[in-house]
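# Observations on the model geometry
The primary structure of each chain is shown beneath.
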Amino acid sequence: MSSYFFYLFAAILIFASLAVIWARNPLYNVLALVVAIFSLSCLFVLLEAFFVGMVLLLVYAGAVLVFFLFVVMCLNLNAITLNSVQQIRFRWWGCVLGLTFAFTFLYAAKSFILAQTMDPSTLRGTIETIGKILFTEYLLPFELTSLLLLIAIFGIVSLAQGALSTGKDDEGP
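The written sequence of each chain sets the order in which its residues are numbered from 1. This being a predicted model, a pLDDT of at least 70 is required before a residue's local features are given, and a value of 80 or more before pairs of side-chain atoms are given or counted; all residues contribute to the totals for chains, interfaces and linings. Only hydrogens and water are removed before side-chain values are computed, so all heavy atoms of the structure are retained for them.

### Considering the nonpolar core
Side-chain atoms within 4.5 Å link the members of a nonpolar core, which is a set of buried Ala, Val, Leu, Ile, Met, Phe, Trp, Tyr and Cys residues. Buried, partly exposed and exposed residues are distinguished by accessible area as a fraction of the type maximum, computed with a 1.4 Å probe on protein chains only: under 20%, between the cut-offs, and over 50%, respectively. Counting residues in each nonpolar core, the largest one holds 11 residues, listed as V30, I37, L56, A61, V64, L65, F68, L69, V71, I156 and A160. Going along the chain from the N terminus, every DSSP run of H or I of four or more residues is numbered as a helix, and every run of E of two or more is numbered as a strand. Breaking this core down by element, the ones donating at least two residues are α2 (26-46), α3 (50-75) and α6 (139-165). Apart from residues lying up to four places away in sequence, L56 is in contact with I37, L40, S41, F44 and A61. Judged by nonpolar contacts, the second largest core, of 8 residues, contains F9, L13, A36 and L43. In what follows, a contact means two residues having at least one pair of non-hydrogen atoms within 4.5 Å.

### Considering a nonpolar patch on the surface
On the surface, F51, M54, V55, L58, V59 and I127 cluster together into a nonpolar patch covering about 520 Å² of accessible area. Considering every element that reaches the nonpolar patch, the biggest residue donor is α3, with 5 residues. Mapped onto the elements of the fold, F51 is located in helix α3. Here a patch means residues that are over 30% exposed by relative accessible area and free of salt bridges, tied together within 9 Å if like-charged and within 5 Å if nonpolar (Val, Leu, Ile, Met, Phe, Trp, Tyr). Note on areas: Shrake-Rupley, 1.4 Å probe, and residue coverage restricted to the protein chains presented here. For salt bridges, the criterion is a side-chain nitrogen of Lys or Arg within 4 Å of an Asp or Glu carboxyl oxygen.

### Focus: the packing of aromatic side chains
Note on aromatic pairs: the rings of Phe, Tyr and Trp (six-membered ring only in Trp) are paired at centre separations within 6.5 Å, and the planes decide the class, stacked below 30 degrees, edge-to-face beyond 60, tilted for the rest. In this structure the tally under the stated criterion is 5 aromatic pairs. Taking 6.3 Å as the distance between ring centres and 25° as the angle between the ring planes, the aromatic pair formed by F5 and F9 counts as stacked. In this pair, F5 and F9 are both assigned in helix α1 (residues 2-22), 4 residues apart and thus about one turn of the helix distant. The buried category is assigned to F9, whose relative accessible area is 13%. Through a chain of ring-to-ring contacts, the aromatic side chains of Y4, F5, F9 and Y107 assemble into a single cluster.

### What to know about the packing of α1 against α2
Helix packing for two helices is described by the angle between their axes and how far apart those axes are. Closest axis-to-axis distance for the α1/α2 pair is 8 Å, and the angle between their directions is 155°. By the angle between their axes, α1 is roughly antiparallel relative to α2. Crossing angle aside, the handedness with which α1 passes α2 is left-handed. Residues S2, F5, F6, F9, A10, I12, L13, A16, S17, A19, V20 and I21 of α1 form the contact with α2, whose own contacting residues are N29, A32, L33, V35, A36, S39, L40, C42, L43 and L46. For the contact of α1 with α2, a count of residues per class yields 18 nonpolar, 4 polar and no charged. Axis lines are fitted through C-alpha atoms, for helices just across the contact stretch, and the angle between N-to-C directions can take any value from 0 to 180 degrees. An angle below 35 degrees is treated as roughly parallel, one above 145 as roughly antiparallel, one from 65 to 115 as roughly perpendicular, and anything else as oblique. Handedness of a crossing is defined here by the sense of rotation of the near helix relative to the far one, left-handed for an anticlockwise turn of less than a right angle and right-handed for a clockwise turn. In this count, Pro and Cys sit with the nonpolar residues alongside Ala, Val, Leu, Ile, Met, Phe, Trp and Tyr, while Asp, Glu, Lys and Arg are called charged and the others, Gly among them, polar.

### Looking at the layout of surface pockets
Quantified by volume, the second largest pocket comes out at close to 780 Å³. Buried and open spaces are told apart on a 1 Å grid over the protein atoms alone, a cavity being a set of points where a 1.4 Å probe fits but cannot get out and a pocket being an open set with protein on both sides within 12 Å along at least five of seven lines. Residues with an atom within 4 Å of a point are the lining residues. Around the second largest pocket sit 26 residues that line it, and V52, V55, L56, Y60 and T145 are the ones nearest its centre. The set of elements that each furnish at least two residues to the lining of the second largest pocket consists of α2, α3, α5 (127-134) and α6. Among the elements that take part in the lining of the second largest pocket, α3 stands out by supplying 9 residues, more than any other. Its residues assigned to classes, the lining of the second largest pocket shows 21 nonpolar, 4 polar and 1 charged. Boundaries between domains were set according to an automatic or database domain assignment. Both of domain 1 (1-77) and domain 2 (126-164) provide at least three residues apiece to the lining of the second largest pocket. Grid points are joined across faces, edges and corners, and a volume is the space filled by probe spheres set on the points.

### Some remarks on the side chain of N29
You can see N29 is positioned in helix α2. N or O atoms closer than or at 3.5 Å make up a polar contact, with two conditions inside protein: a donor-capable atom paired with an acceptor-capable one, and, for residues adjacent in sequence, both atoms drawn from side chains. A polar contact is formed between the side chain of N29 and the backbone oxygen of A23, at a distance of 3.4 Å. Look past the residues within four positions of N29 in its chain and what remains in contact with it is A19, V20, I21, A23 and R24.

Structure follows, in C-alpha cells:
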C-alpha cells in the first residue's frame, strides 16, 4: 500500500510543479508551490526520512511560502473573476480533492493506530545522521541554498517596495 501512496504523492508533485510553471496568476503559482512542497515532504516521510520531511514542511511550506504568498497578495495583482461554469468545474475538482484528502487522512490515522502496537524501529533519518552529512559532505550546497533564499527574499522585498512606491493602489484619476 505504501507504493500506492508513493505514486500518488509523486503524481501530485509532478502536476503541482507543472502548475507552478504554467499558472498565469502569481497567487496560483505560490499555492501550487505549497502543494508541491507538501507532497515532497510526504515522499520524504514515506522514505522514512522523518526529520527532513517535517523540516521541509515546517520551514518552507509553513514559513517561507506563506511569506511569499503574503507579499504576492500585498502586490494586489490582477484578480480573475470566474463565470458560473468555471465555478462549477472548480467545485467538482474541490470535491474530488477533498475526498482524496479524506481517504488518505483516514488511511494515515489507521496506520498511526497500528504503529502504536508495533515495536520501535530504527530511524534512518535522525537528526544526528542528517547533521553529520549536511555539514560534511553537503556543506557547499547547503550554504548555496541559504544564499539563494536570501536573494529571493531581497527580490520579494524590492518588488513589494516598487509596487508601493509607484502607487498601484485603487486610486482613481
